[in-house]
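# Tertiary structure, described
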Amino acid sequence: MSEKIKAGRSREEKKHPFFLGRLLRRAVPAALVLAVLVPTALAIGLEASLSQTRAELDRLQESSAAAAGNFLAGDGGVWQRPEPGGTDGSAAPPQETEPAQDSVRDPGPEVPAYQALYPELYAGEHEWNTVNKKKVCYLTFDDGPSARTPEVLEILERYGVKATFFVVGKDTEQSRQWMKQIVDAGHTIGVHSYTHTYRKIYASVEAYLEDFAREYHIIEEATGVAPQIFRFPGGSINAYNGHIYQEIVAEMTRRGFVYFDWNRSNGDAVRKPPAAPVLAQNALDRLGASSRVVVLMHDSKGHATTVAALPAIIEGYQNAGYTLEALTPEVRPIVYAYPNP
Ligand SMILES: [Zn+2]
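A brief structural summary. (Residues numbered from 1 in each chain as written. Predicted model: local features only at pLDDT ≥ 70, side-chain atom pairs only at ≥ 80, totals over all residues.)

Our next topic: the overall build of the protein chain. Helices and strands together make up the secondary structure of the protein chain, namely ten helices and ten strands. Looking at the protein chain as a whole, 27% of its 341 residues are labelled buried. Residue pairs in contact within the protein chain that sit at least 24 positions apart in sequence constitute 79% of those at least 6 positions apart. (Helix = DSSP H or I, 4+ residues; strand = E, 2+ residues; numbered from the N terminus. Buried ≥ 20, exposed ≤ 12 C-beta atoms within 10 Å, placed from the backbone. Contact = placed C-beta atoms within 7 Å.)

Take a look at the structure:
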């Protein structure tokens, strides 16, 4: 500021006894400072409380995601049939408590039409994944019942052990009787398939459900027991269902059913099954390496050596300290891991 202007102002101030100009010159910068400082301080305060809220929200989302994960993993959650109309398979939140939430709620993926098929096809209430015993062997027989079933039942009874039968088709009186004998003896019966024709059942989710429902109803009518567990023909991931297994697994899990693959096999799933000692050796392979063993075997007329090998298999596991039990929907499943995409 030049001396000339300073002198001019000084003269001006002298002209106005109330020093209005000086007052204005001081007040305006002060107001400007206030106008900048106050909103800045407010903004900083708001930002702080906002980030606090965000952190809170993150923690809540994390814990609810963890809870969902626990349920999906079956860690002690109780499965109950979802309420009809729920878009995500879970019960809709009560309307009266949070009405505003509905208007902003993500609608999620479209509900597939097959969820409405077979409304009776839901597993009864059960816990998930609450049985995780050590040193336990689950003998499983696929593709029965058959003329071999009574022989298998006799051996299981002799040793006082329980097993699991994943049954197929054969809607005959004889087949129904064998199914009833399985259940009456205290073993578990599960759905395998009605047709057991890979190309047919893995053509679509609808085709899978149709086949499953047919066998489910035969079992229920024959035994009075509605099955809760099942085994996929060919295992949960096989050469025929790569395009669709995730969707089928999701739909069957939504309906409350539990599936089991296997981690041992007696090797009898071949056209000409090996002799009994070979089958027993296969089933007892790496004995002790797994604390929980699910052994795959087959029950059909042609599987005489499977029956013959059974005592050696039972004794082998018992001698190694294993108990032999039947699968239930509460047993932590042994399932194939999803392959890398
Ligand atoms: Zn099979």
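Having seen it, we continue.
Okay, the nonpolar core next. Counting residues in hydrophobic clusters, the biggest one holds 58 residues, and the most contacted among them are Cys137, Ile219, Tyr259, Val295 and Ile313. Apart from residues lying up to four places away in sequence, valine 295 is in contact with Cys137, Tyr138, Leu139, Thr140, Trp262, Arg264, Ser265, Asn266 and Ala283. (Core = buried A, V, L, I, M, F, W, Y, C linked by C-beta atoms within 7 Å.)

Of all the residues in helix H8 (residues 245–254), the buried ones are Ile248, Glu251 and Met252. Axial view of H8: buried residues confined to an arc of 95°, hence all on one face. Where H8 is buried, its residues touch helix H7 (205–223) and strand S7 (258–259). With its phi angle positive at about 90°, glycine 256 sits one or two positions after the end of H8. (Arc of directions from axis to C-beta.)

Right, let's get into the environment of threonine 323. With respect to the secondary-structure elements, threonine 323 resides in strand S10 (residues 323–324). Placed 162 residues apart in sequence, threonine 323 and valine 161 show a C-alpha to C-alpha distance of 8.0 Å. When neighbours within four sequence positions are excluded, threonine 323 is seen to be in contact with Lys135 and Val136.

Bringing the environment of tyrosine 194 into the picture now. Tracing the chain through its elements places tyrosine 194 in the loop between strand S5 (188–193) and helix H6 (198–201). Using a count of 22 C-beta atoms within 10 Å as the deciding quantity, one classes tyrosine 194 as buried. In this structure the C-alpha to C-alpha distance between tyrosine 194 and arginine 214, which are 20 residues apart in sequence, comes to 6.4 Å. In this view, tyrosine 194 contacts Val168, Gly169, Asp211, Arg214 and Glu215; residues no more than four positions away in its chain are not counted.

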